[in-house]
Amino acid sequence: MRLELLRRILTGTTTTAQLADIDTLGTMGQLHHHLRQLVSAGWVRQSGRGSYEVPAARVVPLLTGLFGSGR
């Protein structure tokens, strides 16, 4: 679920309301729990009230993790 959250945030679904509309991301409580964990780990930062972004320094490592090295 956290990788899916990262992928969605990276591709432009950035607000809690938008993320909550995606059925596969679980309940609002689960969503908030996973967002807090991602913020705590530095993979996501809050860019405003209820809005999230992937920090620029994490984009390449995230893309590598999501899509593999291509080997």
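Residues numbered from 1 in each chain as written. Predicted model: local features only at pLDDT ≥ 70, side-chain atom pairs only at ≥ 80, totals over all residues. Heavy atoms only, no water.

Overview of the side chain of Thr-16
Argument step 1. The topology assignment puts Thr-16 in helix α2 (residues 16–20).
Argument step 2. Thr-16 gets classed as buried once you look at its relative accessible area, which sits at 9%.
Argument step 3. Beyond its immediate stretch of four places on either side in the chain, Thr-16 contacts Met-28, Leu-31, His-32, Leu-35, Gly-50 and Tyr-52. (Helix = DSSP H or I, 4+ residues; strand = E, 2+ residues; numbered from the N terminus. Buried < 20%, exposed > 50% of the residue type's maximum accessible area, 1.4 Å probe, protein only. Contact = heavy atoms within 4.5 Å.)

Considering helix α4 (residues 56–67)
Each α-helix winds once per 3.6 residues, and so residues spaced three or four apart point in a common direction.
Argument step 1. Over its 12 residues, α4 extends 17 Å from the first C-alpha to the last, a length consistent with the 16 Å expected when each residue adds 1.5 Å.
Argument step 2. Just downstream of α4 lies Gly-68, where phi reads positive at about 75°. (Expected span 1.5 Å × (residues − 1).)

Describing the confidence of the model for the protein
For any part of a model where pLDDT is low, the fine detail of the predicted coordinates should not be relied upon.
Argument step 1. Mean pLDDT over the protein works out to 90, with 96% of the residues at or above the 70 mark.
Argument step 2. Summarising per-element confidence for the protein, the mean pLDDT is lowest in α4 (85) and highest in helix α3 (residues 28–41) (96). (pLDDT = per-residue confidence, 0-100.)

Quick notes on the environment of Leu-6
Argument step 1. Here Leu-6 is to be found in helix α1 (residues 2–10).
Argument step 2. The spacing of Leu-6 and Trp-43 is 37 residues in sequence and 7.9 Å in space, taken between C-alpha atoms.

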